[in-house]
Amino acid sequence: QVQLVESGGGLVQAGGSLRLSCAASGRVFSTATMGWFRQAPGKEREFVAAFTWTTYYADSIKGRFTISRDNARNTVYLQMNSLKPEDTAVYYCAFKVGFGSGYLNGASYNYWGQGTQVTVSS
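The present account deals with the structure reproduced in this document.

What counts, and at which threshold
- Residues numbered from 1 in each chain as written.
- Predicted model: local features only at pLDDT ≥ 70, side-chain atom pairs only at ≥ 80, totals over all residues.
- Heavy atoms only, no water.
- Helix = DSSP H or I, 4+ residues; strand = E, 2+ residues; numbered from the N terminus.
- Rg over C-alpha atoms; globule rule 2.2 N^0.38 Å.
- Buried < 20%, exposed > 50% of the residue type's maximum accessible area, 1.4 Å probe, protein only.
- Salt bridge = Lys/Arg side-chain N within 4 Å of Asp/Glu carboxyl O.

Here we look at the overall build of the protein
Assigned secondary structure in the protein consists of zero helices and eleven strands. Start at the N end of the protein and walk to the C end: the helices and strands fall as β-β-β-β-β-β-β-β-β-β-β. For a compact globule of 122 residues, the expected C-alpha radius of gyration is about 14 Å, and the protein comes in at 13 Å, within 12% of that figure. In terms of overall dimensions, the protein has a C-alpha envelope of 40 × 25 × 25 Å along the principal axes. Residues classed as buried in the protein amount to 44% of the 122 residues present.

Structure (structure tokens):
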């Protein structure tokens, strides 16, 4: 069993920044794929970023968001810069055993955090 606890969401003006954190416990973290997904009201959940042995980003956030991980702290981060109103969503971190394929697909992940709200005002 893995527990994921997210933090760092909030309200920010367009152009601002936020950093999300996700602390994992309960299982080996260093060989897990860590992903961030988001879900806006009335929309399906979508992939944002993932970190296996390298990083992957959705086109919509590339160049603005950065995923990083600290294996010593079992924590993954999402630094979000130049935020736009369309980035408003609940952001979820997710844990996938191993570095295999499927990092884009939420169904491939084994554990999920509770979500943290990010609201970007115009």
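Let's pick the thread back up.
What about the pattern of salt bridges?
Throughout the structure, instances matching the rule amount to five salt bridges. Two residues, R38 and E46, come together in a salt bridge whose shortest N-O distance is 2.5 Å. Residue R38 is classed as buried on the basis of its relative accessible area, which comes to 6%. With its nearest N and O atoms 2.9 Å apart, the salt bridge here joins D87 to R38.

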